[in-house]
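Summary of structural features
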Amino acid sequence: GLRSATGRDLDLMLRLDRAAVILALDADPLLTDPENIRHARGFADGRRAGAAGGAMNRLYAVEGVYSLTGAMADHRLRLESRQIAPFVAALAGRLGVPGAENLGGAGGQGVDSRWIDALAKDLQANRGRSLIVAGERQPAAVHAAVFALNTHLGNTGTTVSYHETRDAALPSVSSLAALVSAMSGGAVQTLVVLGGNPVFDAPTDLDFAAAMAKVPHSIALSNSVDETSSQAEWHIPRAHYLESWGDARAVGGTLGVVQPLILPLFGGRTPIEVLGLI
């Protein structure tokens, strides 16, 4: 969704501590989000009177699955996940976002107009101090619409910020299909699988197993002897994350060291060690 709206791969950072009004759309930033601890701390900070302009923050949750965020919400609307897109479209239209009729769905059938009116009024009164977030179950169009809403409300750069994706590549079915084609055509002499089980969970129409069978040499690094490891020429035991050294970069760019908590049990190796050997 962010790529379709901006043309770039971006990571999203939420600052709940700066938001006076928070709208969670089929999202659970207080529990299931990777940044949930920081979000919970920020939400708690905003809950203290005086932290958000002299009053406690307000949390709206619109969701089809009861979540911790929904349980904490001041106002919760139970709505089927498939109705989130029409809800976003109706809200965008009420706020006067350009191109609202194309955002996240059409119409607004089945959406309580009183909710839309009250929510739009609250968001409009807190421009630059509100925050809207969509959950991972929602399609890309809804995430693009939420980006437009946050931009329209002046939240970008204050309660919501975006950072270039670094040290990581997003999943790509097209690149996997290109790999399968190369393997089938004999262009790959040695295949190294660093975790994952593509023989089992790659799209069926790619027939990854048949393509892998045509590769002369194959190596699988895995926590278990799964379907890919069973077909590979060599299986290397992968170290569990609790017995591994490593590094990580937070969404905001902060670097950190990953330290093991236990000694290695079965001589496992990390992807970094295998790549270093290669």
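Note that this is a predicted model, so its numbers are computed, not measured.

1. Looking at the sheet that holds strand S3 (residues 58-63)
Pairing is parallel in the open sheet, where four strands are placed in the order S4-S3-S2-S5. Both outer strands of the open sheet, strand S4 (75-78) and strand S5 (130-134), are each paired with one neighbouring strand and no more. Averaged over all pairs of adjacent strands, the angle between their axes in this sheet comes to 10°, without regard to strand direction. Of the strand pairs in this sheet, strand S2 (residues 21-25) and S3 are connected by five bridges, and their pairing is parallel. Along S3, the bridge assignment pairs Val-21 with Arg-58. Of the strands in this sheet, S2, S3, S4 and S5 touch helix H5 (residues 113-125), which is tilted by about 140° from S3. Sitting on the sheet, helix H6 (residues 140-152) is in contact with S2 and S5, with an inclination near 175° to S5.

2. Some details on the nonpolar core
Ranked by size, the top nonpolar core spans 29 residues in total, and within it Leu-25, Val-62, Phe-87 and Leu-91 carry the most contacts. Of all elements in the fold, only S2, S3, helix H4 (84-95), H5, S5 and H6 reach the threshold of two or more residues within this core. In contact with Phe-87, not counting residues within four places along its chain, are Leu-25, Val-62, Leu-77, Leu-79, Val-111, Trp-115, Ile-116 and Leu-119. Formed by 18 residues, the second largest nonpolar core is a distinct cluster that contains Leu-10, Phe-43, Ala-61 and Leu-131.

3. Quick look at helix H2 (residues 36-47)
The terminal C-alpha atoms of H2 lie 16 Å apart, and with twelve residues this matches the ideal 16 Å at 1.5 Å per residue to within 8%. Within H2, the full set of buried residues consists of His-39, Gly-42, Phe-43 and Gly-46. In a view along the axis of H2, the buried residues occupy a sector of 100°, so they form one face of it. Exposed positions of H2 whose direction lies more than 90 degrees from the buried face are Ile-37 and Arg-41. Along its buried surface, H2 packs onto strand S1 (10-14), S2, S3 and helix H3 (68-72).

4. With respect to the pattern of salt bridges
Applying the stated criterion across every chain yields a total of twelve salt bridges. When the shortest N-O distance is used, the salt bridge between Glu-164 and Arg-8 registers 2.6 Å. In this pair, Glu-164 is assigned in strand S6 (residues 160-164) and Arg-8 in the loop between helix H1 (2-6) and S1, connecting sequence segments 156 residues apart. Here Arg-8 falls in the partly exposed class, since its relative accessible area comes to 44%. Residue Asp-45 pairs with Arg-48 through a salt bridge whose shortest N-O separation is 2.6 Å. Owing to a relative accessible area of 31%, Asp-45 belongs among the partly exposed residues under this scheme.

Cut-off values and rules
Residues numbered from 1 in each chain as written. Predicted model: local features only at pLDDT ≥ 70, side-chain atom pairs only at ≥ 80, totals over all residues. Heavy atoms only, no water. Pairing = 2+ DSSP bridges. Helix = DSSP H or I, 4+ residues; strand = E, 2+ residues; numbered from the N terminus. Axes fitted to C-alpha atoms, helices over the stretch in contact; angles between N-to-C directions. Contact = heavy atoms within 4.5 Å. Core = buried A, V, L, I, M, F, W, Y, C linked by side-chain atoms within 4.5 Å. Buried < 20%, exposed > 50% of the residue type's maximum accessible area, 1.4 Å probe, protein only. Expected span 1.5 Å × (residues − 1). Arc of directions from axis to C-beta. Salt bridge = Lys/Arg side-chain N within 4 Å of Asp/Glu carboxyl O.

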